[in-house]
Amino acid sequence: MITKTAEHTVIGTRPPRADAFEKVVGKAVFGPDVNLPRMAYGRILRSPHAHARIVRIDPTRAEALDGVYAVATAADLPEAADRTERVGEGNVNYKYMRDNTFAGDKVLYHGHPIAAVAARTLQIAEQALELIDVEYELLDPVLDVRQAMAADAPLLHEGMHTRSLAGTADTPSNVASQFQFLQGDPEQGFAQADVVVERAFETAMVHQGYIEPHAATAAWDADGTLTVYTTTQGAFDIRSQVHELLGYPLSKIIVVPTEVGGAFGGKNVGYVEVPAAVLARKSGRPVRVVMTREEVFLASGPSSGTWMRVKMGATREGRITAAEVELCYEAGAYPGSPVGAGANCILAGYDIPNARLDGYDVVVNKPRVGAYRAPGATQSTFAGEAVIDELAEKLGLDPVEFRLRNIATNGMPRLNGGFHEHIAAREVMEAVRDHPHYNAPLERGTGILRRGRGVGLAYWGNWGARSSVTLEVNADGTVSMLMGSVDITGTRTSIAMQAAETLGLSLAHINPAMGNTQTSGYSDASGGSRTTMATGVAAVKAAEEVIAKMHERAAAIWVCEPEQVAYTNIGPDAGTFTCSRNDETMTFAEVAAKLGGTGGALRGQGDVNVRRWGGAFGANIADVEVDIETGSVRLLRFTAVQNVGKAIRPGQVEGQLRGGATQGIGWGLYEGYAYDGQGHMLNANFLDYKLPTALDVPAIETEILEIPWPEHPFGVRGVGETPIVGPPAAIANAVYDAIGVRQGFLPMTPARILESMGII
Amino acid sequence: MANVSVPSLMRDLTGGEASVDGSGATVAEVLHDLEARYPGFAQRLLVGDDLDPALVVVVDDRPAPLGLSTRVRVDSRIRFLPAVGGG
Amino acid sequence: MADKVHVTTLLNGESVEFLCAPSQTLLECLRDILGLTGAKNGCNDGNCGACSVLLDGRLANSCLVLGAEADGRTVITIEGLADWAGLHPIQQSFVEEDGLQCGCCTPGMIIAAKALLDREPNPSDGRIREWMAGNLCRCTGYETITRAVRRAAAHLNGEGAEG
């Protein structure tokens, strides 16, 4: 259900996506589908130990195997700069990235890459891995974030001293950094509270679970050009990473992004491009490196496991007076967890005058975390919403009513020192309150099957950043669109729609394409829910330039001044130029037909750096049925409400809401990394790490609100990430409603549920 | 004088003050001014001569991509936040 | 070449011959020998369905079938569904219902849907979800896929465009 704005003819409609045809016939080329002549197959040798010193690496026996073309190790990479840069939605330090490409003197997690082999066949490459001799000195691993913070914990990086604004710590530890937000006087605030709730929470590490593994094919030309085909969210980010780690000029590296079989933040950082490039250089052949599913789990960038503590107090009138939050997030083997973003999102929906939040970024012997759809927010929101729910219950207030009494408003100062602008937290909560799902009767049950309903309020801040779109007018009146953004969700269509709307042409007139780093303008990675928004801004800018230039061409045809030419892009005469000097008209296509004679090619360029953008509030309503004998949870009904600013292509928006919710449902009920005592991951496969199937989720209902972000030409806000943030919270609150026991652990597996009830 | 929000972990340097005023045409100059009056203030925010990459500077509620070189007005508000994705 | 297996198979309606190692899966043979990359390798152990093909008309995970086992058999992959006349009704339905986002699971989903509709022309939504539970999708949340299969069933039953 969406409200439609009357004057748009393209925006808000439901055309098929431009990439649908190639994908339903199986012709779309994804990362692992790239095949080049003489191509060799690459595989990576990985540490069997979670924490060890590397005493010796000897590739001699592997190099001697018939069919092996090259072996690569850290010795094949130059020293990397100790410099940190933003890549996609997080920061990376290149020294650490080099160490995570081929281990130096230590391995820091089960699966840590050590060396790579290129061979004539995949089987020979796999055999060769076993012939690389590595001698390890085992060290004790630490896998639990709180244990890692203890003074006597084994240290991953002996030189790591906690950095914070309180100064740098004297003694080394696994706490890479910490920060604090403080607002008002929390002690005073708690003193004013009539009810106080304090709970601790733990969440397991989870993976984005994209079906397509990481894959890159590298090929060197005789002139020294390196071409890397890869599945990535950011071709220009990969180019920078390859440049930094190989020490090779940017202009001689071409990154060609393929279609992407799911990314969700996990394909901003590259893992196989540099090994492929080194192997290709050493072997003199193109080399393709594709991760196995096990490698994806062990050695890409999952999302942080956490330990969190939340304390909140409220008056009996239902006003929250204080909050205190501790967020301890696993960074994995190198610093860089999304604890800061988690801190920005927890409680973002509430007006809390006194609060303190302490956040810790902690290294543990697990893979270095990557961005996963609203990185950090799902974890912290699970904790925050559970305490909000418990406060409501103790005050005897309806959960939605309690939230509305404390809901964030425009201009409200935020815990991170900023303030909210043009937000829709109230509207989202009111939509929940008025939704048929929230008001449907639900039999709680008294037997083995107990039912419950829960809600969760979610927030994600989104992103702007740099995008580039080129529009070229063709002689037949169609427009070719080239964008620098990688399309991971359908954005080539939603951006083409914005160009079409601005030009006053139908969508059929626009033919969108993704470029590569040589052909398209610099664009930041597609992530952070920025692409339809920021690349849309670029497309609108390019379209406006096209219109301006077409004015000049029309003037040349009419032999008048450009100021005497007018163009209509709306209404029944959309796509028409008129001349005030002679009252004649020409269509866009008629002017286009004469481009050759009036000055040649006509292009509009939009290169933008969007510095301000709107966040997105959303909410979920979950009905669950819990079997109190087995602990199993079934979802009976699930609703996602979200403010999207403006739904350019509603079908795509609904898809994001359902898809993100389904990932959140997996995070809440099924998914989590399991380890043995020595730090080996136990469930690095799709059988034991369970993604939701079609049987595990109901037909998820969606409600789209359109409270616009006024600084975007069409009011667009980022959509893609908020959907994953609320589901674990809504489900946990529903489980409580069903069985009367609060859940403090994700995933809420049957065993955990039974444990919480004291049954096992 | 630009107004600088003092992160809570740095209020030991400013006698508990939650915001202080500093003069300068850029963020760097303001920090230089503050360092003179509150020794250690700038050092906490820098790695070498650059802003700690774990931080971003926000001037008048806009993220400032030029960081320390960002020009500030006499009534600008300057904040230092953890560098985060989204949020 | 003594250890290579010679395979002759009826692939997408055409007789095709190839040589493969005894241990190579049908999935590997399709992708790396025959140039048919529509079937995807999501897990290589039969848990995601992205490699789905029809083997003698039955739905199979091609990662669990050896290339050698295709000898003398019929194989249908996603590339075998559309022809010069246009998309297969199941493919068309996936386009119309937005039954895809990234597209990685899509070939497997369409093949699985064909296997279902070849047997049961009018499955309920619940039956569709049950049949398709062996095909993982991480993008869509499964609702538009279910609608696509429902619409395809209507198309194939001659019920017209609205499913």
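Residues numbered from 1 in each chain as written. Chains lettered and ligands numbered in written order. Predicted model: local features only at pLDDT ≥ 70, side-chain atom pairs only at ≥ 80, totals over all residues. Heavy atoms only, no water.

A word on the nonpolar core
Residue and element names in this part refer to chain A. Ranked by size, the top nonpolar core spans 195 residues in total, and within it Met-312 and Ile-731 carry the most contacts. With eight residues, the top contributor of residues to this core is helix α11 (residues 377-394). In terms of nonpolar packing, the next biggest core, distinct from the first, is built from 51 residues, Met-497, Ala-543, Ile-547 and Met-586 among them. (Core = buried A, V, L, I, M, F, W, Y, C linked by side-chain atoms within 4.5 Å. Buried < 20%, exposed > 50% of the residue type's maximum accessible area, 1.4 Å probe, protein only. Helix = DSSP H or I, 4+ residues; strand = E, 2+ residues; numbered from the N terminus.)

Looking at the interface of chain A and chain C
Counting residues at the interface gives 52 residues for chain A and 43 residues for chain C. Ranking the residues of chain A by area buried against chain C places Val24(A), Ile211(A) and Ala694(A) at the top, with a combined share of 18%. With a closest N to O distance of 2.8 Å, Arg31(C) and Asp33(A) form a salt bridge. For the pair chain A and chain C, the number of links is 20 residue pairs in polar contact (both at pLDDT 80 or more). Elements with a contribution of two residues or more to the side of chain A that touches chain C: α1 (20-24) and α19 (650-669) of chain A. With eight residues, α19(A) is the single largest residue contributor to the side of chain A that touches chain C. Among the residues forming the side of chain A that touches chain C, the class breakdown is 24 nonpolar, 17 polar and eleven charged. (Contact = heavy atoms within 4.5 Å. Buried area = accessible area lost by both parts, 1.4 Å probe. Salt bridge = Lys/Arg side-chain N within 4 Å of Asp/Glu carboxyl O. Polar contact = N/O pair within 3.5 Å; in protein donor to acceptor, adjacent residues only side chain to side chain. Nonpolar A, V, L, I, M, F, W, Y, C, P; charged D, E, K, R; others polar.)

Re the interface of chain B and chain A
Residue-level contacts link 26 residues of chain B with 29 residues of chain A. In total, about 2,200 Å² of surface goes out of reach between chain B and chain A, with carbon and sulfur atoms giving 56% of it. At the surface where chain B touches chain A, the tally comes to six residue pairs in polar contact (both at pLDDT 80 or more). For the side of chain B that touches chain A, the secondary structure elements donating two or more residues are α2 (41-45), β3 (46-47), β6 (62-63) and β7 (77-82) of chain B. When residues of the side of chain B that touches chain A are assigned to their parent elements, the largest contribution, four residues, is made by β7(B). The residue inventory of the side of chain B that touches chain A, partitioned by class, reads 15 nonpolar, four polar and seven charged.

Focus: the packing of aromatic side chains
Residues and elements named next belong to chain A. Tallied over the entire structure, the rule returns 15 aromatic pairs over all chains. When the centroid spacing of 5.1 Å and the interplanar angle of 5 degrees are considered together, the rings of Tyr-372 and Trp-667 count as stacked. Linking Tyr-372 in the loop between β19 (355-363) and α11 with Trp-667 in helix α19, this pair joins segments that are 295 residues apart in sequence. By relative accessible area, Tyr-372 is classed as buried at 0%. Consider the rings of Tyr-567 and Phe-588, whose centres lie 6.3 Å apart with planes at 55 degrees: the pair is tilted. Taken together, the positions of Tyr-567 in strand β24 (residues 565-568) and Phe-588 in helix α17 (residues 588-593) put the pair 21 residues apart, joining distant regions of the chain. Across this residue pair, the class does not change: Tyr-567 and Phe-588 are buried. (Phe/Tyr/Trp six-rings, centres within 6.5 Å; stacked < 30°, edge-to-face > 60°.)

Observations concerning the packing of helix α3 (residues 106-119) of chain C against helix α5 (residues 143-156) of chain C
Residues and elements named next belong to chain C. Here α3 crosses α5 at 45 degrees, and the two axes come no closer than 11 Å. Put simply, α3 runs oblique to α5. In this structure, α3 meets α5 at a crossing whose hand is right-handed. Across the interface between the two elements, Met-109, Ala-113, Leu-116 and Leu-117 from α3 touch Ile-145, Val-149, Ala-152, Ala-153 and Leu-156 from α5. For the contact of α3 with α5, the per-class residue count stands at nine nonpolar, no polar and no charged. (Axes fitted to C-alpha atoms, helices over the stretch in contact; angles between N-to-C directions. Parallel < 35°, antiparallel > 145°, perpendicular 65-115°, else oblique. Left-handed = near helix turned anticlockwise from the far one by under 90°.)

Regarding the sheet that holds β7(B)
All names here are of chain B. Across the sheet, which stays open at both edges, the five strands sit in the order β2-β1-β7-β5-β6 with mixed pairing between neighbours. Edge strands, defined here as strands with exactly one partner in the open sheet, are β2 (19-22) and β6. Alignment of strand β1 (residues 2-5) against β7, held across two bridges, turns out to be parallel. When the sheet's bridge partners are listed, Val-4 is paired in β7 with Ile-78. Packed on one face of the sheet, helix α1 (residues 27-37) meets β1, β2, β5 (55-59) and β7 and runs near 110 degrees to β2. (Pairing = 2+ DSSP bridges.)

Comments concerning the pattern of salt bridges
Residues and elements named next belong to chain A. If you walk through the whole model with that rule in mind, you get 71 salt bridges over all chains. Of the charged contacts in the structure, one is a salt bridge between Glu-385 and Arg-403, with a shortest N-O distance of 2.8 Å. In this pair, Glu-385 sits in helix α11 while Arg-403 sits in helix α12 (residues 399-405), placing the two residues 18 residues apart along the sequence. A single burial state applies to Glu-385 and to Arg-403, both of which are buried. Here Arg-403 falls in the buried class, since its relative accessible area comes to 0%. Taken together, the shared-partner salt bridges connect Arg-199, Glu-385, Asp-389, Glu-390, Glu-393, Lys-394, Arg-403 and Arg-742 into one network.

Side note on the domain arrangement of chain C
All names here are of chain C. Taken domain by domain, chain C consists of domain 1 (5-80) and domain 2 (89-156). Taking the mean C-alpha position of each, domain 1 and domain 2 sit 21 Å from one another. The partner domain 2 presents 15 residues to the 15 residues of domain 1 that form the contact. Of the roughly 1,100 Å² buried at the junction of domain 1 and domain 2 (both faces included), carbon and sulfur atoms supply 66%. In terms of surface lost to domain 2, no three residues of domain 1 exceed Leu-54, Leu-59 and Ile-78, which account for 42% of the buried area on that side. The tally of links between domain 1 and domain 2 comes to zero salt bridges. (Domains from an automatic or database assignment.)

Section: the pairing of strand β16 (residues 287-290) of chain A
Each regular strand shows side chains that alternate between the opposite faces of the sheet. Residues and elements named next belong to chain A. As paired elements, strand β1 (residues 40-46) and β16 share three bridges and run parallel to each other. Residue Tyr-41 lies in a different strand from β16, and its bridge partner there is Arg-288. As paired strands, strand β13 (residues 215-220) and β16 are joined by four bridges and run antiparallel to one another. Across the sheet, Ala-216 pairs through a bridge with Val-289, a residue of β16.

Quick word on the side chain of Lys267(A)
Residue and element names in this part refer to chain A. Mapped onto the elements, Lys-267 comes out in the loop between β15 (253-257) and α8 (273-283). When its relative accessible area of 1% is taken as the criterion, Lys-267 is described as buried. Once residues within four sequence positions are removed from consideration, Lys-267 is found in contact with Tyr-210, Glu-212, Pro-213, His-214, Thr-231, Thr-232, Gln-233, Gly-234, Val-260, Gly-261 and Gly-262.

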